[in-house]
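# Breakdown of the fold
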Amino acid sequence: PILVHHLAVLGIAFRAERAVLARAMPRVAGIGLALAVLSGLLLWSARAHEYALHPVFQTKMAILLLALLNIGFVRRFAPKSGAADSAVVRTGAVVSGVAWLGVLVAGRLIGYR
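The following refers to the structure shown. (Residues numbered from 1 in each chain as written. Predicted model: local features only at pLDDT ≥ 70, side-chain atom pairs only at ≥ 80, totals over all residues. Heavy atoms only, no water.)

With that out of the way, let us pick up the overall build of the protein chain. Within the protein chain one finds five helices and zero strands. When the helices and strands of the protein chain are listed from N to C terminus, the series reads α-α-α-α-α. Relative to its full complement of 113 residues, the protein chain shows a buried share of 23%. Contacts spanning at least 24 positions in sequence make up 56% of the contacts within the protein chain whose residues lie at least 6 apart. As presented, the protein chain carries roughly 7,700 Å² of accessible surface, and 73% of it is formed by carbon and sulfur atoms. (Helix = DSSP H or I, 4+ residues; strand = E, 2+ residues; numbered from the N terminus. Buried < 20%, exposed > 50% of the residue type's maximum accessible area, 1.4 Å probe, protein only. Contact = heavy atoms within 4.5 Å. Areas by Shrake-Rupley, 256 points an atom, 1.4 Å probe, with all protein chains shown as cover.)

Here is the structure:
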């Protein structure tokens, strides 16, 4: 769902649905983040010490922190009107898309030691 929102913000796809996506996305993204964190904690707890020392896991956590800081930055500095054509919103969408893709790729790479 977050990729769909970013594509709409960047004007690449889903132009007509931009307003609908903007209203629904915070709740959908929040639920998705909560589920991802919960499942990640369960997976991590199986071998916490081993994962904590794994360089790819550490990279994943750094990228995750970047993604979360980006959410805060956009929420703080984006226009209150919700204008998707704002430079802050568009830049935030790019940073978010790249960061979440990095989190996914790093997560997959953790299994390859």
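Another aspect to go through is the packing of helix H4 (residues 55-77) against helix H5 (residues 87-109). The geometry of H4 relative to H5 is characterised by a closest axis approach of 9 Å and an angle of 160° between their N-to-C directions. On the basis of the axis angle, H4 is roughly antiparallel to H5. Like other packed secondary-structure pairs, H4 and H5 cross with a definite hand, here left-handed. Taking contact as the criterion, the partners of Val56, Lys60, Ile63, Leu64, Leu66, Ala67, Asn70, Phe73, Val74 and Phe77 in H4 are, on H5, Val88, Gly92, Val95, Ser96, Ala99, Trp100, Gly102, Val103, Ala106, Gly107 and Leu109. Taken together, the residues that form the contact of H4 with H5 break down as 15 nonpolar, five polar and one charged. (Axes fitted to C-alpha atoms, helices over the stretch in contact; angles between N-to-C directions. Parallel < 35°, antiparallel > 145°, perpendicular 65-115°, else oblique. Left-handed = near helix turned anticlockwise from the far one by under 90°. Nonpolar A, V, L, I, M, F, W, Y, C, P; charged D, E, K, R; others polar.)

This part takes up the pattern of salt bridges. Under the counting rule described, the total for this entry stands at one salt bridge. Among the ionic pairs, Glu50 bridges to Arg47, the shortest N-O distance being 3.9 Å. Accessibility expressed as a relative area gives 35% for Glu50, which makes it partly exposed. (Salt bridge = Lys/Arg side-chain N within 4 Å of Asp/Glu carboxyl O.)

Fair warning: the whole summary comes from geometry, so function is off the table for now.
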